[in-house]
Amino acid sequence: MNILVLNCGSSSVKFQIIETDLELIKQNNDKRLARGVIERIGSQALITLQPEGGKQIKKARPLRDHRDAIDFILRWIISPDSQINQIQSLSDIDAVGHRVVHGGEKFSKSVQINMEIISGIEDCIELAPLHNPAGLKGIKAITDLLGMAVPQVAVFDTAFHSTMPDTSYLYGLPYHLYRRYKIRRYGFHGTSHRYISYRYRQEHGLKLKDVNIISVHLGNGCSACSILRGESYDTSMGFTPLEGLLMGTRAGDIDASILEFLYHKEGLSFGEIDTLLNKRSGLLGISGLTNDMRELLEEEAENQDRRAKLAIDIFCKRVRKYIGAYYVDTAGKADAVIFTGGIGENSPVIRERICNGLESIGLKLDKNKNNKTHSRKSGKISTEDSRLSAFVFPTNEELLIARDTLRVVKNVPRRW
Ligand code: AMP
């Protein structure tokens, strides 16, 4: 099947076309046929298109909304420019998989989209006002452009974490607030953590019940997840993606009383405080320079910038703290720590700074292997005698979205 995978953000659409079927999954031989991203939808959009094995194409063009952007993508996919021999017309697209951020407590697995599911996703908007409307725009655009006959599947970022026990997902708030409003930890990056769990299992030929790891996704957004018996046991993002690790522009964990303090001292509205915590904090807020880890590392090395160093040190310490906490919370059952995401996959120096101190829980980094593992390479980065191993696996959320889409459409149960 040719599956179009869509990841709609508030002003962007990322896409991939993936060829997969049950036999290809068994052989782990699914094929990406093309990919791309459209940013700054609503004004002069920036379009990046990448035929598989071909040259990257960049364009700028006014695109009004998500429907325009997806229409553009569909036209490109069927054009000779995309170099996709398998797709000559829109009828060669067999199904569409959508990344949907929030599935609340309603959706614990991927589902085929119909009117009832759309209304379920709409119900979750109050939990993810910035994210779910974009996913819904993508679903509506595909329905308009490809018609109802093309099956669409929603794959939720929160779903992998639905296995967390209440001791992991409940906050120390009055219990009735959970009952009344479902205020709880949901966790995000679930498809990425699930991919890491799958990949570790596959590389080691393990049964699902034998997968005990700590997955650390470090990109512009960051989260850690303890995985026991192949299932999410705890994760650092919470009711929203704001909680937990220090991120590019998000503060991560803070004392909630700071909000009231800021409200009085700075005269900020709650909306402005929300923007401050989500968009102006984290690496950007501490360094006063940038949310981009690569640039911070350059500032630190070339200009000895004190605040760039501070931001990086706080970032690494927070990750180390979560790894230690999850290791102890799962009674030392974790066999490996796995790094993924733009920073986790590409930055040996950040991984080394995080692991510096983790010898105390048995993780010994092999500096040579660590330094050689970058640019989306996979590999083991701990020493052979390390009690707790460490690996780098590039994440591949799109692959899982395509496979989930196939299985849901074919009504084949997922085994992981
Ligand atoms: P993502 O959101 O997963 O695309 O990750 C984006 C983050 O990865 C940004 O902070 C980038 O600076 C960071 N990143 C990408 N490549 C490198 C690298 N070679 N070294 C350090 N950080 C990197």
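Concerning the overall build of the chain
Here's step 1: In terms of regular secondary structure, the chain is built from 16 helices and 14 strands.
Here's step 2: Computed over the C-alpha atoms, the radius of gyration of the chain is 21 Å, within 12% of the 22 Å expected from 2.2 N^0.38 for a compact globule of 416 residues.
Here's step 3: In terms of overall dimensions, the chain has a C-alpha envelope of 55 × 55 × 50 Å along the principal axes.
Here's step 4: Long-range pairs, those at least 24 residues apart, make up 61% of the contacts in the chain with a sequence separation of at least 6.
Here's step 5: Looking at the chain as shown, the accessible area adds up to about 19400 Å², and 49% of this sits on carbon and sulfur atoms.
Here's step 6: Distance between charge centres in the chain, computed from 57 positive and 50 negative side chains, equals 2 Å.

Some thoughts on the site of the ligand
Here's step 1: Near the ligand the following residues occur: G219, N220, N291, D292, M293, R294, L297, G341, G342, I343, N346 and S347.
Here's step 2: In this structure, an oxygen atom belonging to the ligand sits 2.6 Å away from a side-chain N or O atom of D292.
Here's step 3: The backbone of R294 places a nitrogen or oxygen atom 3.1 Å from an oxygen atom of the ligand.
Here's step 4: In isolation the ligand has 500 Å² of accessible area, and contact with the protein removes 70% of it.
Here's step 5: Looking at the shell around the ligand, the elements that each hand over two or more residues are α11 (293-303) and α13 (341-346).
Here's step 6: Class assignment of the residues belonging to the shell around the ligand gives a composition of three nonpolar, seven polar and two charged.

A few points about the packing of aromatic side chains
Here's step 1: Within the structure shown, the criterion is met by ten aromatic pairs.
Here's step 2: Pairing Y263 with F270 gives two aromatic rings, centres 5.4 Å apart and planes at 10°, and the pair type is stacked.
Here's step 3: Three or more aromatic residues joined by ring pairs make a cluster, and in this case those are Y169, Y175 and Y178.
Here's step 4: A cation over an aromatic ring shows up here: K182 above the ring of Y178, its NZ or CZ 5.0 Å from the ring centre.

Topic: the nonpolar core
Here's step 1: Among the nonpolar cores identified, the biggest contains 42 residues, and L218, F315, I323, F339 and I350 are the most heavily contacted of them.
Here's step 2: Those elements that provide at least two residues to this core are β9 (213-218), β10 (222-228), α11, α12 (306-329), β12 (336-340), α14 (348-355) and β14 (389-392).
Here's step 3: In terms of residues, this core owes the most to one element, α12, which gives ten residues.
Here's step 4: Once residues lying within four places of it in the same chain are set aside, the contact partners of L218 are L245, F315, V319, F339, T340, G341, G342, I343, G344 and I354.
Here's step 5: Core analysis: the second largest hydrophobic core is formed by 30 residues, L4, I17, L49 and W76 among them.

Comments concerning the packing of helix α7 (residues 190-204) against helix α16 (residues 397-410)
Here's step 1: One can describe the packing of α7 onto α16 by two numbers: an axis separation of 8 Å at closest approach and a directional angle of 90°. The orientation of α7 with respect to α16, classified from their angle, is roughly perpendicular. Together, T191, S192, R194, Y195 and Y198 of α7 and E397, L399, L400, I401, R403 and D404 of α16 make up the contact between the two elements.
Here's step 2: Taken together, the residues that form the contact of α7 with α16 break down as five nonpolar, two polar and four charged.

Cut-offs and rules
By convention here, each chain's residues receive numbers from 1 onward along its written sequence. Owing to the predicted nature of the model, reporting of local features is limited to residues with pLDDT of at least 70; listing and counting of side-chain atom pairs is limited to 80 or more, with chain, interface and lining totals taken over all residues. The basis for the side-chain values is all heavy atoms of the structure; hydrogens and waters are excluded. A helix here means a DSSP run of H or I that spans at least four residues, while a strand means a run of E at least two residues long, and both kinds are numbered starting from the N terminus. We compute the radius of gyration over the C-alpha atoms and compare it with the globule rule, which gives 2.2 Å times the number of residues raised to the power 0.38. Note on contacts: a residue pair qualifies if any of its non-hydrogen atoms lie within 4.5 Å across the two residues. Computed with the Shrake-Rupley method and a 1.4 Å probe, the accessible areas treat only the protein chains shown as cover for residues. Positive: Lys, Arg. Negative: Asp, Glu. His and the chain ends are not part of the count. Here the site of a charge means atom NZ of a Lys, CZ of an Arg, CG of an Asp or CD of a Glu. The rule for a residue being near a molecule or strand is that one of its heavy atoms must lie within 4 Å of it. Within 3.5 Å is the distance limit for a polar contact, defined as a pair of N or O atoms, with the added protein rule that one can donate a hydrogen and the other accept it, and that residues adjacent in sequence qualify only through two side-chain atoms. Note on residue classes: Ala, Val, Leu, Ile, Met, Phe, Trp, Tyr, Cys and Pro are nonpolar, Asp, Glu, Lys and Arg are charged, and everything else, Gly too, is polar. When the centres of two rings from Phe, Tyr and Trp lie within 6.5 Å, Trp using its six-membered ring, the rings pair. Their planes under 30 degrees apart give stacked, over 60 give edge-to-face, and anything left gives tilted. Only Lys NZ and Arg CZ are tested; either one counts as a charge over a ring when it is within 6 Å of the ring centre and within 35 degrees of the ring normal. Residues grouped as a nonpolar core are buried Ala, Val, Leu, Ile, Met, Phe, Trp, Tyr and Cys residues, joined through side-chain atoms within 4.5 Å. Exposure categories follow from relative accessible area, calculated using a 1.4 Å probe and restricted to protein chains: below 20% of the type maximum is buried, above 50% is exposed, and the middle band is partly exposed. As a rule, the C-alpha atoms of each element are fitted with a line to give its axis, helices using only the stretch in contact, and angles between N-to-C directions run from 0 to 180 degrees. Comment on the angle field: the value is read as roughly parallel under 35 degrees, roughly antiparallel over 145, roughly perpendicular from 65 to 115, and oblique elsewhere.

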